[in-house]
Amino acid sequence: VQLVESGGGLVQPGGSLRLSCAASDRTFSRYGMGWFRQAPGKVREMVAAISWNGGTTYYRDSVKGRFTISRDNVQSTGFLQMNSLKPEDTAVYYCAADMLPFRQPVATGTSVYDGWGQGTQVAVSS
């Protein structure tokens, strides 16, 4: 499954953005999906993940209560709603799919994800 991210941009602290992750085909519905980010000079980190059917989710501590991951398997699209954005959320955001279909619970290790998109830039600044 190949994925394409969109929805990034420049936003003031406290603002919101909704990222989208469009999949190349309907097999997307079989795989968990993760959102990751990489800031300049830093290692890529997982932000959130959702299982193939949306049954389980994961959030890194720094985004809990602010970000919400979701998916629409009919539209083969995943989403990341980001509220109360902070300057430290500034990064290139990527989505990727779990390489194992129908995995439960959601995988939290970066190495099991593939099909990386080109990324979308999120900048939080006043």
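In what follows, the structure referred to is the one given above.
Description of the structure in this document. A quick note: this is a predicted structure, and the numbers were derived from the prediction, not measured.

A look at the overall build of the chain
Per the secondary structure count, the chain includes zero helices and eleven strands. Along the chain, helices (α) and strands (β) appear in the sequence β-β-β-β-β-β-β-β-β-β-β when read from the amino end. Its C-alpha atoms give the chain principal-axis dimensions of about 40 × 25 × 25 Å. Considering the chain as a whole, with its 126 residues, one finds that 43% of them fall into the buried category. Only carbon and sulfur atoms are counted for the fraction: they give 50% of the accessible area of the chain, which is about 6100 Å². Positive and negative side-chain charges of the chain, numbering 12 and 9 respectively, have mean locations separated by a distance of 3 Å.

Remarks on the state of the cysteines
Counting across every chain of the model gives one disulfide. One disulfide in the model links C21 with C95; its S-S distance is 2.1 Å. Because the sign of the S-S torsion sets the handedness, a value of about 80° for the bond joining C21 and C95 places this disulfide among the right-handed ones. Taken together, the residues C21 in strand 3 (residues 17–23) and C95 in strand 9 (residues 91–101) connect sequence positions 74 residues apart.

A closer look at the sheet that holds strand 1 (residues 3–6)
Strands sit in the order 1-3-8-7 across an open sheet of four strands; the sheet is antiparallel. Looking along the sheet, the strands with just one partner apiece sit at the ends: strand 1 and strand 7 (67–72). Geometrically, the sheet is characterised by an average inter-axis angle of 15° between neighbouring strands, direction not taken into account.

Thoughts on unusual backbone geometry
Look at the link from Q104 to P105: it is a cis peptide, with omega at -10°. Located in the positive-phi region is S76, a residue other than glycine, with phi close to 55°. Of note, S76 is situated in the loop between strand 7 and strand 8 (77–82). When its relative accessible area of 6% is taken as the criterion, S76 is described as buried.

Structural notes on the pairing of strand 5 (residues 45–50)
Burial analysis of strand 5 places five of its six residues in the buried class, which makes it a mostly covered element. Where strand 4 (residues 31–38) and strand 5 come together, five bridges link them in antiparallel fashion. Across the sheet, residue F36 finds its bridge partner in strand 5, namely M46. In terms of strand pairing, strand 5 meets strand 6 (residues 57–59) through three bridges, oriented antiparallel. By the bridge assignment, A49 is partnered in strand 6 with Y58. Hairpin geometry of strand 5 and strand 6 is characterised by an intervening segment of six residues between the two adjacent antiparallel strands and by a positive phi of about 80° at G54.

Conventions used here
Residues numbered from 1 in each chain as written. Predicted model: local features only at pLDDT ≥ 70, side-chain atom pairs only at ≥ 80, totals over all residues. Heavy atoms only, no water. Helix = DSSP H or I, 4+ residues; strand = E, 2+ residues; numbered from the N terminus. Buried < 20%, exposed > 50% of the residue type's maximum accessible area, 1.4 Å probe, protein only. Areas by Shrake-Rupley, 256 points an atom, 1.4 Å probe, with all protein chains shown as cover. Lys, Arg positive; Asp, Glu negative; His and termini not counted. Charge placed at Lys NZ, Arg CZ, Asp CG, Glu CD. Disulfide = S-S within 2.5 Å. Pairing = 2+ DSSP bridges. Axes fitted to C-alpha atoms, helices over the stretch in contact; angles between N-to-C directions.

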